[in-house]
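Reading the structure
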Amino acid sequence: MARKGVQLDRETMSCSICLDLLKDPVAIPCGHSYCMNCIKSFWDEDKEKEIHSCPQCRQTFTQRPVLVKNTMLAVLLEELKKTGLQAAPADLCYAGPEDVSCDICTGRKLKAIKSCLVCLISFCEKHLQPHFESPAYEKHKLVDPSKKLQENICSRHDEMFCRTDQQCICYLCSVDEHKGHNTVSAAAERTERQRELEVNVKELQQEVEAINRSADKAVEDNEKIFTELIRLIQKSRSDLRQQVRSQQETEVSRVKELQEKMEQEITELKRKDAELKKLSHTEDHTQFLHNYPSLSALSESTSSINIRPLRYFEDVTAAVSELRDKLQVVLREKWTNVSLTVTEVDVLLPQPEPKTRAGFLRYSHEITLDPNTAHRRLLLSEGDRKATLMSQHQSSSNSLHHFLTVYADIYNRCWQVLSRESLTGRCYWEVEWRGEGVDVAVAYKNISREGLSNECRFGYNDKSWALRCNNNISGPESSRVGVYLDHSAGILSFYSISETMTLLHRVQTTFTQPLYAGLWPFLVLEALLRSVNSNRKVII
């Protein structure tokens, strides 16, 4: 019992770093004691760290504690030594050349009793205790001491990446919890992601350059356009000013001529008046009769001057004012379109596609059908939002003639129609159909429309894309199809609309022109032949 008590005292008085009796004992703020040189060496190993910790309880200290010799503990140790407490003998607890040594011990190292596959270091019995006492080490895996721990595991540890679960794992996890997953080395994953980032950065840089070039060119071109408009307006103003002044000079000159003529006639009239007065007083009847006719004729010359209502330049001002008002109306209407076009410029990465119908309806676009593009057997109604494929009943008894007429009509043009509105940016619209079925499509305006070749048919050429909707369509049974277009991102998606939105088909391409919505209601030839004597229609 006495020996056991001495042994306990020795453990109490030992330094947990060197595992020998304390020499120049010091106590740090957490209460644990160490040899002064041991704790100094322990903290000196990580000089770059600003935070220091206790090797036993791991308590951290922002500032390195000042070490002062514990005089009372030093005296106690001296007394214990006198009673037989000595340093631990050199026995098998210390690691030899063939043993695995404890990686925590400083100075002379003890034998390791376990290695940790997570910490990747080996521990003696004393330094292993935190693995049993602290919950932080619960998931650490302990194995028999191994000198090849670093060789076999460390090169891979924490350098594996599970692409299935998108997380970093260790090598052991790759053969355990993540067995069968798509795993690569962390270095390979980093290289791949770094390459993607470099590509993205390069693409973004190119996008910035393209934006700058496009914006600079737009500003330059618009400046030229507005300069031309200003020049035209200024020229029109100058021409109008010159025309008004020229007309002013002409009219003033004409009025002055009339004024001079009137003044001359006034003078002449005064002269005549004086002569008439003189003539009226003459007593010579012969002279009076001789002179009177000439004086009477001259007095009629004043009738050559035509006095009419005056018209000045107020009408010109009224006409210019009317032009100004019309230009203001046009500018207001067209400027709204210009402004919207600017705001629709989208240079960021594509927006995520909506997941719900409410999300799609944010991009709802009203579609009307263009009669000029409709096959003659397509009847448009309800404000050109409804297309009905008609098989007209004819009263003629010559059913063969009727069949041949219908047959020729089929092979004239596809039963297709395009929308009035062009589609750019992000748009969404829906098509509800009944009957045999319909091709729901988008197409460029310049798609061929004469004949039945693939150049004319929706979805059979590089100018159109289409989804055939009929009773055999995959997905939930529904007679309503939603179409989502992101023109700049080159995305065209078709959805079946029921209680949820079910993706039927998606196209990823590059659109080089504005698109137009298209419909192609169809009847198979056999069904058409059966209906030659009756009306039949398919409503879209």
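Reading the values: the criteria
Residues numbered from 1 in each chain as written. Predicted model: local features only at pLDDT ≥ 70, side-chain atom pairs only at ≥ 80, totals over all residues. Heavy atoms only, no water. Phe/Tyr/Trp six-rings, centres within 6.5 Å; stacked < 30°, edge-to-face > 60°. Helix = DSSP H or I, 4+ residues; strand = E, 2+ residues; numbered from the N terminus. Buried < 20%, exposed > 50% of the residue type's maximum accessible area, 1.4 Å probe, protein only. Lys NZ or Arg CZ within 6 Å of the ring centre and 35° of its normal. Pairing = 2+ DSSP bridges. Contact = heavy atoms within 4.5 Å. Axes fitted to C-alpha atoms, helices over the stretch in contact; angles between N-to-C directions. Core = buried A, V, L, I, M, F, W, Y, C linked by side-chain atoms within 4.5 Å. Patch = residues over 30% accessible without salt bridge, like charges linked within 9 Å, V, L, I, M, F, W, Y side chains within 5 Å. Areas by Shrake-Rupley, 256 points an atom, 1.4 Å probe, with all protein chains shown as cover. Salt bridge = Lys/Arg side-chain N within 4 Å of Asp/Glu carboxyl O. pLDDT = per-residue confidence, 0-100. Expected span 1.5 Å × (residues − 1). Arc of directions from axis to C-beta.

1. Some details on the packing of aromatic side chains
Centre distance and the angle of the planes are the two values used to describe a pair of aromatic rings. Overall, the coordinates contain 6 aromatic pairs when judged by the stated rule. When the centroid spacing of 4.8 Å and the interplanar angle of 55 degrees are considered together, the rings of Phe360 and Tyr495 count as tilted. Here the residue Phe360 occupies a position in helix H10 (residues 357-361), and Tyr495 occupies one in strand E18 (residues 491-497), the gap between them amounting to 135 residues. In terms of burial, Phe360 and Tyr495 fall into one category: buried. Among the aromatic residues, ring-to-ring pairing joins Phe360, Tyr363, Tyr428, Tyr484 and Tyr495 into one connected group. When the ring centre of Tyr516 is taken as reference, the NZ or CZ atom of Lys445 above it lies at 4.7 Å. The ring of Tyr460 carries the charged tip of Arg457 above its face, separated from the ring centre by 4.2 Å.

2. Observations regarding the sheet that holds strand E5 (residues 114-116)
On the basis of which strands lie adjacent, the open sheet formed by 3 strands has the order E6-E5-E7 and antiparallel pairing. A single partner strand is all that each edge strand has here, and the edge strands are strand E6 (121-123) and strand E7 (142-143). Here E5 pairs with E6 via 3 bridges, running antiparallel. Within the sheet, the bridge partner assigned to Ser115 lies in E6 and is Ser122. Docked against the sheet, helix H4 (residues 125-133) engages E5, E6 and E7, running at close to 105 degrees with respect to E6.

3. Here we look at the sheet that holds strand E14 (residues 426-432)
Sheet architecture is open: 4 strands sit in the order E14-E17-E18-E19, paired in antiparallel fashion. Of all strands in the sheet, those with a lone pairing partner are E14 and strand E19 (501-508), marking the two edges. The mean inter-strand angle of the sheet, taken between neighbouring strand axes irrespective of direction, is 20 degrees. Here E18 pairs with E19 via 7 bridges, running antiparallel. Along E19, the bridge assignment pairs Ile497 with Met501.

4. Structural notes on the nonpolar core
Counting residues in hydrophobic clusters, the biggest one holds 41 residues, and the most contacted among them are Leu423, Trp429, Val440, Trp465, Leu492 and Leu515. Core analysis: the second largest hydrophobic core is formed by 21 residues, Cys15, Ile17, Leu22 and Val26 among them.

5. A short note on a nonpolar patch on the surface
Nonpolar side chains collect at one region of the surface, where Ile225, Phe226, Leu229, Ile230, Leu232, Trp335, Val338 and Val342 lie side by side and expose about 750 Å² of accessible area between them. Mapped by element, the contributors of at least two residues to the nonpolar patch are helix H7 (186-280) and helix H9 (314-343). Residue position: Val338 is located in helix H9. Judged by relative accessible area, which is 38%, Val338 ranks as partly exposed.

6. Things to note about the environment of Leu378
If you trace the backbone, Leu378 turns up in strand E11 (residues 378-381). Owing to a relative accessible area of 8%, Leu378 belongs among the buried residues under this scheme. In sequence terms Leu378 and Val417 are 39 residues apart; their C-alpha atoms lie 8.0 Å from each other. The residues contacting Leu378, other than those within four sequence positions of it, are Thr388, Leu389, Trp415, Gln416, Val417 and Pro521.

7. Some words on the confidence of the model for the protein
In the predicted model, the protein carries a mean pLDDT of 78, and the fraction of residues at 70 or more is 78%. Across the protein, strand E15 (residues 438-443) holds the top mean pLDDT of 94, while helix H12 (residues 525-530) sits lowest at 36. Here residues 1-8 is modelled with pLDDT under 50, and outside its nearest four sequence neighbours on either side it reaches 1 contact, counting other chains as well. In the predicted structure, residues 524-540 sits below a pLDDT of 50 and forms 52 contacts with residues beyond four places in sequence or in another chain.

8. Overview of helix H3 (residues 71-82)
Along its 12 residues, H3 runs 17 Å from first to last C-alpha, staying within 8% of the 16 Å computed at 1.5 Å per residue. Every buried residue of H3 is listed here: Leu73, Ala74, Leu77 and Leu80. Around the axis of H3, the buried residues are gathered within 120 degrees of arc, so they sit on the same side. Exposed and oriented more than 90 degrees from the buried face of H3 are Thr71, Met72 and Lys82. In the core, the buried residues of H3 are packed alongside strand E1 (25-27) and strand E2 (33-35).

9. Quick word on the pattern of salt bridges
Per the stated rule, a full pass over the model turns up 23 salt bridges. For Asp44, the salt bridge identified is with Arg64, shortest N-O distance 2.9 Å. Of this pair, Asp44 sits in helix H2 (residues 36-44) while Arg64 sits in the loop between strand E4 (60-61) and H3; the two residues are 20 residues apart in sequence, bridging distant segments of the chain. For Arg64, a relative accessible area of 35% translates into the label partly exposed. Taken together, the salt bridges that share partners define one network made up of Arg357, Glu430, Glu432 and Arg480.

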